[in-house]
Amino acid sequence: MRVAGERRAVHRDEAGQLHAVSARCTHLGCLVAFNRAERAWECPCHGSRFDVEGKVIQGPAQQPLERKEL
Ligand code: FES
(Lines give C-alpha, C1' and ligand atoms only; values in the text may rest on other atoms or scores of the structure.)
Protein backbone atom coordinates (compact mmCIF):
# COMPACT_ATOMS: atom_id res chain seq x y z
CA MET A 1 0.00 0.00 0.00
CA ARG A 2 1.04 3.63 -0.41
CA VAL A 3 1.32 5.86 2.64
CA ALA A 4 2.38 9.47 2.12
CA GLY A 5 3.77 8.54 -1.31
CA GLU A 6 5.85 5.67 0.07
CA ARG A 7 5.33 1.96 -0.64
CA ARG A 8 4.70 -0.12 2.45
CA ALA A 9 4.41 -3.88 2.77
CA VAL A 10 1.65 -4.65 5.26
CA HIS A 11 0.65 -8.00 6.72
CA ARG A 12 -2.16 -8.81 9.19
CA ASP A 13 -1.31 -11.79 11.39
CA GLU A 14 -3.69 -14.41 12.81
CA ALA A 15 -4.26 -12.26 15.91
CA GLY A 16 -5.31 -9.32 13.73
CA GLN A 17 -2.18 -7.29 14.37
CA LEU A 18 -0.74 -5.30 11.46
CA HIS A 19 2.96 -5.46 10.63
CA ALA A 20 4.23 -2.72 8.30
CA VAL A 21 7.66 -2.44 6.70
CA SER A 22 9.10 -0.61 3.71
CA ALA A 23 8.24 -2.44 0.48
CA ARG A 24 11.63 -1.50 -1.02
CA CYS A 25 14.14 -4.32 -0.86
CA THR A 26 17.30 -3.23 0.91
CA HIS A 27 19.48 -4.89 -1.74
CA LEU A 28 18.82 -2.74 -4.83
CA GLY A 29 15.35 -1.34 -4.21
CA CYS A 30 12.90 -3.62 -6.03
CA LEU A 31 9.40 -3.97 -4.56
CA VAL A 32 8.84 -7.07 -2.44
CA ALA A 33 5.74 -9.27 -2.74
CA PHE A 34 4.08 -11.40 -0.07
CA ASN A 35 4.30 -15.19 -0.19
CA ARG A 36 1.25 -16.37 1.81
CA ALA A 37 2.39 -19.98 2.06
CA GLU A 38 5.76 -18.96 3.52
CA ARG A 39 4.46 -15.87 5.38
CA ALA A 40 7.44 -13.98 3.97
CA TRP A 41 8.17 -10.93 1.85
CA GLU A 42 10.10 -11.94 -1.26
CA CYS A 43 12.01 -9.85 -3.74
CA PRO A 44 11.46 -10.85 -7.38
CA CYS A 45 14.74 -9.31 -8.54
CA HIS A 46 17.45 -11.40 -6.86
CA GLY A 47 15.58 -13.59 -4.39
CA SER A 48 16.00 -11.91 -1.02
CA ARG A 49 13.43 -13.00 1.56
CA PHE A 50 12.26 -11.23 4.73
CA ASP A 51 9.96 -12.18 7.58
CA VAL A 52 6.85 -10.11 8.39
CA GLU A 53 8.94 -7.90 10.73
CA GLY A 54 11.41 -7.22 7.91
CA LYS A 55 14.23 -9.42 9.19
CA VAL A 56 16.40 -10.96 6.46
CA ILE A 57 15.69 -14.69 5.98
CA GLN A 58 17.77 -15.03 2.82
CA GLY A 59 20.10 -12.68 0.92
CA PRO A 60 21.62 -11.14 -1.07
CA ALA A 61 20.04 -8.34 1.02
CA GLN A 62 21.91 -7.91 4.30
CA GLN A 63 19.83 -5.20 5.95
CA PRO A 64 16.25 -5.69 7.19
CA LEU A 65 13.27 -3.96 5.63
CA GLU A 66 12.70 -0.74 7.55
CA ARG A 67 9.80 -1.00 10.00
CA LYS A 68 7.05 1.55 9.39
CA GLU A 69 4.01 2.96 11.15
CA LEU A 70 0.64 3.02 9.42
S1 FES B 1 16.81 -5.89 -5.25
FE2 FES B 1 15.90 -7.33 -3.92
S3 FES B 1 17.25 -8.98 -3.92
FE4 FES B 1 18.19 -7.55 -5.20
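Okay, so let's go over this structure. (Residues numbered from 1 in each chain as written. Predicted model: local features only at pLDDT ≥ 70, side-chain atom pairs only at ≥ 80, totals over all residues. Heavy atoms only, no water.)

**Looking at the overall build of the protein chain**
A tally of helices and strands in the protein chain yields 0 helices and 7 strands. Per-residue burial for the protein chain yields a buried fraction of 31% across its 70 residues. A separation threshold of at least 6 residues defines the contact pool for the protein chain, and within that pool the share at least 24 residues apart is 33%. Entry remark: accessible area of the protein chain is about 4,600 Å², with carbon and sulfur atoms responsible for 46%. Each charge class in the protein chain can be summarised by its mean position, and for the 11 positive and 9 negative side chains these summaries are 5 Å apart. (Helix = DSSP H or I, 4+ residues; strand = E, 2+ residues; numbered from the N terminus. Buried < 20%, exposed > 50% of the residue type's maximum accessible area, 1.4 Å probe, protein only. Contact = heavy atoms within 4.5 Å. Areas by Shrake-Rupley, 256 points an atom, 1.4 Å probe, with all protein chains shown as cover. Lys, Arg positive; Asp, Glu negative; His and termini not counted. Charge placed at Lys NZ, Arg CZ, Asp CG, Glu CD.)

**Details of the environment of leucine 28**
For leucine 28, the location among the structural elements is in the loop between β3 (18-22) and β4 (33-35). Separated by 32 residues in the primary sequence, leucine 28 and proline 60 have C-alpha atoms spaced 9.6 Å apart.

**A word on the sheet that holds β4**
Taken together, the 4 strands give an open sheet; going across it, the order is β4-β5-β6-β7, and neighbouring strands pair in antiparallel fashion. Either end of the sheet is taken by a strand with one partner, and the two such strands are β4 and β7 (56-58). As paired strands, β4 and strand β5 (residues 40-42) are joined by 3 bridges and run antiparallel to one another. Bridging across to β5, alanine 33 finds its partner in glutamate 42. (Pairing = 2+ DSSP bridges.)

**Some points on the pattern of salt bridges**
Enumeration according to the criterion identifies 7 salt bridges in this entry. Here glutamate 42 and arginine 49 are joined by a salt bridge, their closest N and O atoms 3.2 Å apart. We classify glutamate 42 as partly exposed; its relative accessible area is 25%. Accessibility expressed as a relative area gives 17% for arginine 49, which makes it buried. The salt bridge partner of glutamate 66 is lysine 68, with a shortest N-O separation of 3.5 Å. (Salt bridge = Lys/Arg side-chain N within 4 Å of Asp/Glu carboxyl O.)

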